[in-house]
Every structure is written in C-alpha cells, then in structure tokens.
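What follows is the residue order along each chain.
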2 protein chains.
Amino acid sequence: MIDTKEKILETAAQLFGEQGVAGTSLRQIIAKADVNLAAIHYHFGSKESLLDELIHRKADPVNRERLDRLCRLEAEAGDKPVAVEAILEAFFVPTAAAAEQNPLFVRVMGRIHSEGLMPAIVQKHFYPTAQRFVAQLRRAVPHLPEEEFLWRVHFMMGAMAHTMCGTPLFPADSADYHGRMRKLVTFLSAGFRAPATANGETK
Amino acid sequence: MIDTKEKILETAAQLFGEQGVAGTSLRQIIAKADVNLAAIHYHFGSKESLLDELIHRKADPVNRERLDRLCRLEAEAGDKPVAVEAILEAFFVPTAAAAEQNPLFVRVMGRIHSEGLMPAIVQKHFYPTAQRFVAQLRRAVPHLPEEEFLWRVHFMMGAMAHTMCGTPLFPADSADYHGRMRKLVTFLSAGFRAPATANGETK
DNA sequence: GTCTATACTGAGATAGAC
DNA sequence: GTCTATCTCAGTATAGAC
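For clarity, every value in this text was computed on a predicted model and none was experimentally measured.

Undergrad: Outline the pattern of salt bridges, supporting the account with residue identities and numerical values.
TA: A full pass over the atoms with the stated rule returns 18 salt bridges over all chains. A salt bridge links Arg-132 of chain A to Glu-74 of chain A, with the shortest nitrogen-to-oxygen separation between them at 3.0 Å. Taken together, the residues Arg-132 of chain A in helix H7 (residues 119-140) and Glu-74 of chain A in helix H4 (residues 47-77) connect sequence positions 58 residues apart. Judged by relative accessible area, which is 21%, Glu-74 of chain A ranks as partly exposed. For Glu-53 of chain B, the salt bridge is made with Arg-57 of chain B, and the minimal N-O distance between the two is 3.1 Å. Placement of both Glu-53 of chain B and Arg-57 of chain B in helix H4 (residues 47-77) is noted, with a separation of 4 residues, approximately one turn of the helix. The class of Glu-53 of chain B is partly exposed, set by a relative accessible area of 21%. When salt bridges that share partners are traced, they join Glu-6, Glu-53 and Arg-57 of chain A into one network.

Here is the structure:
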C-alpha cells in the first residue's frame, strides 16, 4: 500500500498522544492502522525512529516559529537585551497555536520531555532552539549567578513539560491553550526576575 | 537467604533511581540482588506493589516531616495566612534532607511524578499531604483567581518533579540539595506572588 | 512460610520468502 | 514493498521443593 507509511504515522500520533509513548505498543498501532507489524520496521526501523519522524514533522515547524519570533525580538531590541516576558512568550505561544490544531500531539511533546525516554530525540529536535532562547534569557536576567540561572532554566523545563502533558488535576477549560501558556509565562517570568537566593541556613 | 525482601527493596531503590522505574526490569533487580525472580512476586505481588512498598518506606517519613513543619507554621501564624516562602520551604526542605541521606531515592520520587506511570501510587502517598499544602497556599495568595492559582500549583509540580529527577544538563554541585531546594523556593515563591495574568490577546 | 523452576503472554526486533 | 515466522526479553503466574 502506498499510504502505509502515512497511515502508521497518523495512527501513532493519535495513540502516543492518548496513551503516552511507553504506553503504546507497536502492535496497537498496526492493529488500528490495519497494517503488518513488519511494515513499521520496514518504513521506520524502530519505535524510536517512528517517534523521531513524528517529531520531525510536527515539532520542527513549532521550533521554526519560535526562532522566527525570537529573531524578530532581537531585531527590535538592537543591542539591548530582550525582556524576559517577551522571550518566554516567543517560546510558549507557538506551542499553544500547535495545540489548537492538534491537541494530542502537544501532549506527545510534553511526554517525551517528562518521560525522560529517548533523550537523543529531545536533544536532536529541541536543543538547538532551546539554546538560542537560553542565551537570550541569560542577557535578560544578568543579576543572577550563572548556577542559579541554569537551575531556573531547569525549573522552567519541568513546568513546561508537565503543562504540555496536560491532565491538570482540576476542571479547566482544556481547550484554552493560549490562556494556559500565558499563565505559564506570567509565572515563569516572575520566577526569573526574582533576586538571587541568599546564601544561608535553611531552618 | 538472610533477608531477601530487604535486599530486593534496596536493590530496586538503587536501580529505579539510576534508570527510572519503567527502565528497570525485575530481572535486572533479581540478578543484582542475587535472588529468584519469583521471590519478588512472593514478597510484593507485582512490580507496582514493590514500588508502593518502597515509597511507603522512604516517602512517608518525608511527608510526615512536611506536615509537622506546616503545622508549626500554622500554629505560629494563628489566624493569619502563612507566607508563601515559608509554606514552600516546609514542603521542599524535607526533600533535601532525605536526598542527603539517599540521593537515588529522591530521584525515584521525581520519576514517579514525571513518568506519569502508576498514578494510583502518587495519589495514595502524596495527595493527602499535597492537599494540606495547597489549602494553605491558597490563603497565602488570595489575589489570584481560583483557576490561575490551580495552574500555578500545576506548574510547581512540574518544576518539582523535574528537579527531583536530577540530571540538570550542566555542571552543578549535585550534592548541594539544600541549595537546590532553596533556589526552587525562591523561584516558585516569586511565581506565586506574581499578579494574575491579564485577559487579552497574545501576539 | 520461603524460595526454585518453569511456563505463559505480549513487547520490540529481524530474516527471508514472495 | 510486504508478510510470515521466529527470536529475545519484558512482566506475570503457578506448581511444588524445602
């Protein structure tokens, strides 16, 4: 079948989003897509490569949009650092836009971050973009010691991954992705702007 | 064997912390502990129950310490709300203390949150404590609409889980758990104190 | 009560026929 | 390109030795 590959990709995107990557077996995918098990390995080679192709198709455009926005902000700012809020907005708003088109897939992106599986995929598809943003963020909060800055980036990644996975444990307008991301930006911006933690004892 | 059950628990704690729960097979555990495969099912019944017992032993004391601290803060404050920083410190500092004794296990706690596996275990061991803290937090930031407050709690959980999993992608004094948790408290406190997100368009 | 040996089901991966 | 058959290894289950 000519469309075998596409059918596999589409079905995998749906099931990965619903059940998580680890929680979805290749056999579930082939049953739902009505193809043979070996077809996955013929077209993709492995479950990990299937995921890689999926990320490539769905996440790369999001990252391009992120970088476009960042470049525009840098151009506007000239030599001056860009504001924290603007940087974070440039990073998170494209996610919201993607989520409106394909809510399930954004959950896949969250899951590959928080499941911690397949770090090679995260590195390949998200690192180049993330590092550009981290560099600009650094300029936006020069008051922080380097180590505390990096920890805050780490905190941000955790909050982001958890938020993209969805399933907040409370009733929420789950379709309002822009609202969710803007709340995240508010929260994280304040966190980044906070003065450095003083040295001292914890009681 | 002298103490098969203890050997299994200790080995499981180590491997779960190093490789994650999903990434560790029972066969790895029994090989390293030098016991029989069925011994796990005799003593625990399943992989999930083994994890449950592990959490029970290691996390419950942490949660008791958290509640003790919270109670003391409530007593000091009388009728007035407790400060955000104090609440978060009461929650996170016991984690740091536990990490100093057993660094790997704190990573296990982070993983069960972020892997999203076995939500029943999270619910059973962490919910009662978490809800007490959420209730106090609510009083500390009365300026927030309920929905935004709950989202911020969600962001906090993500940052926490990611931080406890460890593996920051930069050189850090990985033994300084108190410093790490105090930085987390600084970051999250500022996030909670931030004014509510205004309604409006995202560009 | 404890533990061993063994087997069952379902996962991902692969070789080779067509 | 596609499919059958098979491999290894996962978690689980059980019968029976001590």
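Having seen the model, we can carry on.
Undergrad: Go over the nonpolar core with me, naming the residues and quoting the values.
TA: Among the nonpolar cores identified, the biggest contains 126 residues, and Phe-92 and Phe-192 of chain A together with Phe-92 and Phe-192 of chain B are the most heavily contacted of them. Not counting chain neighbours up to four residues away, the residues in contact with Phe-192 of chain A comprise Val-84, Leu-88, Leu-137, Val-141, His-143, Leu-144, Phe-149, Arg-152, Val-153 and Met-156 of chain A together with Phe-187 of chain B.

Undergrad: Before we move on, can you summarise helix H7 (residues 119-140) of chain B with the specific residues and values?
TA: All names here are of chain B. The principal kink in H7, of about 55°, is found at Phe-126, preceding the proline Pro-128 by one to four residues. Within the sequence span of H7, burial applies to Ile-121, Val-122, His-125, Phe-126, Thr-129, Ala-130, Phe-133, Gln-136, Leu-137 and Ala-140. Elements in contact with the buried residues of H7: H4, helix H5 (84-101), helix H6 (103-114), helix H8 (146-164) and helix H9 (177-193).

Undergrad: So, the protein's contact with DNA strand C: which residues are in play, and what are the values?
TA: With respect to spatial proximity, 15 residues lie near DNA strand C, and among them Arg-27 of chain A together with Thr-4, Asn-36, Tyr-42 and His-43 of chain B are the closest. The sugar-phosphate share of atoms of DNA strand C within 4 Å of the protein amounts to 55%. Note that a phosphate oxygen of DNA strand C is positioned 3.4 Å from one of the side-chain N or O atoms of Ser-25 of chain A. Between a phosphate oxygen of DNA strand C and a main-chain N or O atom of Leu-26 of chain A, the distance comes to 2.7 Å. Sorting the residues of the surface near DNA strand C by element identifies helix H2 (26-33) and helix H3 (37-43) of chain A together with helix H3 (37-43) of chain B as the ones contributing at least two each.

Quick notes on the rules
- Residue indices begin from 1 for each chain and proceed along its sequence in written order.
- The naming scheme follows written order: chains are lettered A onward, ligands numbered 1 onward.
- Only residues with pLDDT of at least 70 are given local features in this predicted model, and only at 80 or more are side-chain atom pairs given and counted; all residues enter the totals for whole chains, interfaces and linings.
- Side-chain descriptors were evaluated using all non-hydrogen atoms of the structure, hydrogens and water having been removed beforehand.
- A side-chain nitrogen of Lys or Arg and a carboxyl oxygen of Asp or Glu constitute a salt bridge if their distance falls within 4 Å.
- Counting from the N terminus, the helices are DSSP H or I runs at least four residues long and the strands are E runs at least two residues long.
- When a residue's accessible area, from a 1.4 Å probe over protein chains only, is under 20% of the maximum for its type it is buried; when over 50% it is exposed; and in between it is partly exposed.
- Side-chain atoms within 4.5 Å link the members of a nonpolar core, which is a set of buried Ala, Val, Leu, Ile, Met, Phe, Trp, Tyr and Cys residues.
- In this analysis, two residues are considered to be in contact whenever any of their non-hydrogen atoms come within 4.5 Å of each other.
- We define the bend at each residue as the angle formed by axes fitted to the 7 residues ending at it and the 7 residues starting at it.
- What makes a residue near a molecule or strand is one non-hydrogen atom of that residue sitting within 4 Å of it.
- As used in this structure description, the phrase polar contact means that two N or O atoms lie within 3.5 Å; if the pair is within protein, one of them must be able to donate a hydrogen and the other to accept it, and residues adjacent in sequence are counted only when both atoms belong to side chains.

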